[in-house]
Amino acid sequence: VQPTCAIPTGTITIASQTGMEYSLNGTTYQTSNIFAGLAPNNYTLYVRNNLDGTCATNSGATTVKISTVPTAPSIPTTLNVVQPTCAIPTGTITIASQTGMEYSLNGTTYQTSNIFAGLAPNNYTLYVRNTLDGTCATNSGTTTVKINPVPTAPSIPTTSSVVQPTCAIPTGTITIASQTGMEYSLNGTTYQTSNIFAGLAPNNYTLYIRNTLDGTCATNSGATTVKINPVPTAPSIPTASNVVQPTCAIPTGTITIASQTGMEYSLNGTTYQTSNVFAGLTPNNYTLYVRNTLDGTCSITSTGATTINTNPLLPVNPTVLNVIQPTCNIPFGTIEIVSMPDVEYSIGNGYQNNPVFSNLVPANYKISVRNKNNITCETFGSDQLINVIPSDIQFESSWTCQSNKYEITASPLSNSYDPTNVEYIWKDKNENIIGTNSKVLNVTDVVNATAETETFPLVYNLTIKSNTTGCETTSGITIESIYCEIQKGISPDGNGLNDFFDLRLMEVKKLEIFNRYGIRVYNQSNYTDQWNGQSNNGEALPSATYYYVIEFNNGESKTGWIYLIRDN
């Protein structure tokens, strides 16, 4: 029995012989063939007879070796620990090697290899013992070696935010959605614990993520990339492409900022709009603002202000100073509007600087004025009528007897003149003026005033001139006779004197002519001057005295005798 760590001495049992005693040094003998507590050495076996010491022998050159006490192992420690990974989901513990030892992780099953692979996550105690002596064993005690759980595999990375480049910061930032225990990359090579990647140039980026403790636990966004846009375009200095000032029709102004692609616009630097047109503006000085629609830091203002003027003033209502109506001499009218400062004038067809409008045809004209500096500031006055061109004077003449005097009276036709506002000039056939300023000519007085004997028919000329229109007309008037009493006779001989029975001024309803026998030889309704000595059959009646019956329109009647005298 060799020494052990438990019993550090050896024991030799010599094969028993009857009547013998035993020794390991040839000096000291004992009856027991068992020698215990032996220190490591090479021992020669001795044996002799109990009764005769000379009867002895030994093993000679053959000795029995008691080995040295086996080496006790040191407290085991790990040489290396390989934790589970996503690639290899088990761990490995390598125990520091000791000569002549074997190893275990459970104190039961030992192996000569100090490497334990395929380990599930757990806390492991290390065991080591002498290969030749199982009692020479020790362990790590309360100090255990931990095989970690299999690392968590990351989810496919996504962004939690993307900050695009701006004019203020011309690079982008990608923030990858955070996952516990992970590190992050945008190129799959360089990883960082921060999930924020700033200072990025415009490009398409693939997102990478891996377990901080296990680089094999990694994934990426694949074909899904995150785009960092180019640095936004900075706008040009804004200018106004059009300015519409307030008018009297539209009392607000409009500013149109020159359009720039991808920009939005403002007049106060706070409120922006995509339209470059700002309407409904009150009078003021406006600064123009423009900024990139996608990047509010890409903005710029105008170098100067754009002014919306104050509202223009309406002129006072126009009035007419003078109107000249058309006349027969000047067949056009004139309208003169009361003059005003800084206005233009109109009568309905265009504006002019002069308040006088001449050569106007008859019509109803709309009087208006407008501001020279703002033509929408327009006011209207009352309409002004230019009369139609006066009609030519037309008249007719009628005769009557007043106090047995034959009078000719001129009367207007179709109301072509005002009888109270005209001049009358009566002339005889020799152009001598025989009467003025009266529509009535007393022919009897005219005839009686001359020394010569007039020959009938008489012809007079009457000129009538309007004092308002300037129109005048001259027309001849023929007078067959001037009898104011019923004729006593007729002589139808063709000399122009008493050729017919003249009752033209007497408004005769009916005339009847009877011969001396009481036989009616002629009759005529609405008689004027038709009878010149003929019968109803048109035959010439002989010279004789005839009886007449006259019935007037007023219901009165008159009878008497008339002589028919023929030269033959």
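I will try to describe carefully the structure that is included in this document. As the structure is a computational prediction, the values presented were derived from the model and not from experiment.

1. Some details on the sheet that holds strand β25 (residues 295-308)
Taken in spatial order, the three strands line up as β22-β24-β25 in an open sheet, and their pairing is antiparallel. The two strands at the open ends of the sheet, each matched to only one other strand, are β22 (263-266) and β25. Taking the axes of each pair of neighbouring strands and ignoring which way they run, one obtains an average angle of 20° across the sheet.

2. What about the pattern of salt bridges?
The full count for this structure, using the stated rule, is 11 salt bridges. The residue E21 makes a salt bridge to R48 at a minimum N-O spacing of 2.4 Å. Placement of the pair is E21 in strand β2 (residues 20-23) and R48 in strand β4 (residues 41-49), with a sequence separation of 27 residues. Its relative accessible area of 13% is what places E21 among the buried residues. Ionic pairing is found between K427 and E431, a salt bridge with its closest N-O pair at 3.5 Å. The class for K427 is partly exposed, based on a relative accessible area of 23%. Note on E431: relative accessible area 45%, which makes it partly exposed. Linked by salt bridges that have partners in common, K510, E512 and R520 make up one network.

3. Examining the side chain of T327
Within the secondary structure, T327 sits in the loop between β26 (320-324) and β27 (333-337). Separated by 3.3 Å, the side chain of T327 and the backbone nitrogen of N329 make a polar contact. Non-local contacts of T327, meaning those with residues more than four positions away in its chain, are made with I389, P390, T468 and T469.

4. Things to note about the sheet that holds strand β28 (residues 343-346)
With antiparallel pairing, four strands are arranged side by side in an open sheet as β29-β28-β32-β33. Strands with a single pairing partner mark the edges of an open sheet, and in this sheet they are β29 (351-352) and β33 (378-380). Direction of pairing for β28 relative to β29: antiparallel, over a ladder of two bridges. Bridge pairing in β29 places S346 opposite Y351.

5. Quick look at the nonpolar core
One finds V443, I464 and I479 to be the most contacted residues of the largest nonpolar core, which totals 24 residues. Going through the elements one at a time, β35 (395-402), β36 (405-412), β37 (422-427), α1 (443-448), β40 (458-466) and β41 (472-479) are the ones with two or more residues in this core. When residues in this core are grouped by element, the largest group, four residues, is from β40. Contact partners of I479, with chain neighbours within four places excluded, come to Y406, I408, V443, F456, P457, L458 and Y460. I490, L511, I513 and Y548 belong to the second largest nonpolar core, which has 19 residues in total.

6. Notes on a nonpolar patch on the surface
The grouping of I330, F332 and V361 at the surface amounts to a nonpolar patch, some 270 Å² of accessible area in total. Tracing the backbone shows I330 in the loop between β26 and β27.

Cut-offs used in this document
Residues numbered from 1 in each chain as written. Predicted model: local features only at pLDDT ≥ 70, side-chain atom pairs only at ≥ 80, totals over all residues. Heavy atoms only, no water. Pairing = 2+ DSSP bridges. Helix = DSSP H or I, 4+ residues; strand = E, 2+ residues; numbered from the N terminus. Axes fitted to C-alpha atoms, helices over the stretch in contact; angles between N-to-C directions. Salt bridge = Lys/Arg side-chain N within 4 Å of Asp/Glu carboxyl O. Buried < 20%, exposed > 50% of the residue type's maximum accessible area, 1.4 Å probe, protein only. Polar contact = N/O pair within 3.5 Å; in protein donor to acceptor, adjacent residues only side chain to side chain. Contact = heavy atoms within 4.5 Å. Core = buried A, V, L, I, M, F, W, Y, C linked by side-chain atoms within 4.5 Å. Patch = residues over 30% accessible without salt bridge, like charges linked within 9 Å, V, L, I, M, F, W, Y side chains within 5 Å. Areas by Shrake-Rupley, 256 points an atom, 1.4 Å probe, with all protein chains shown as cover.

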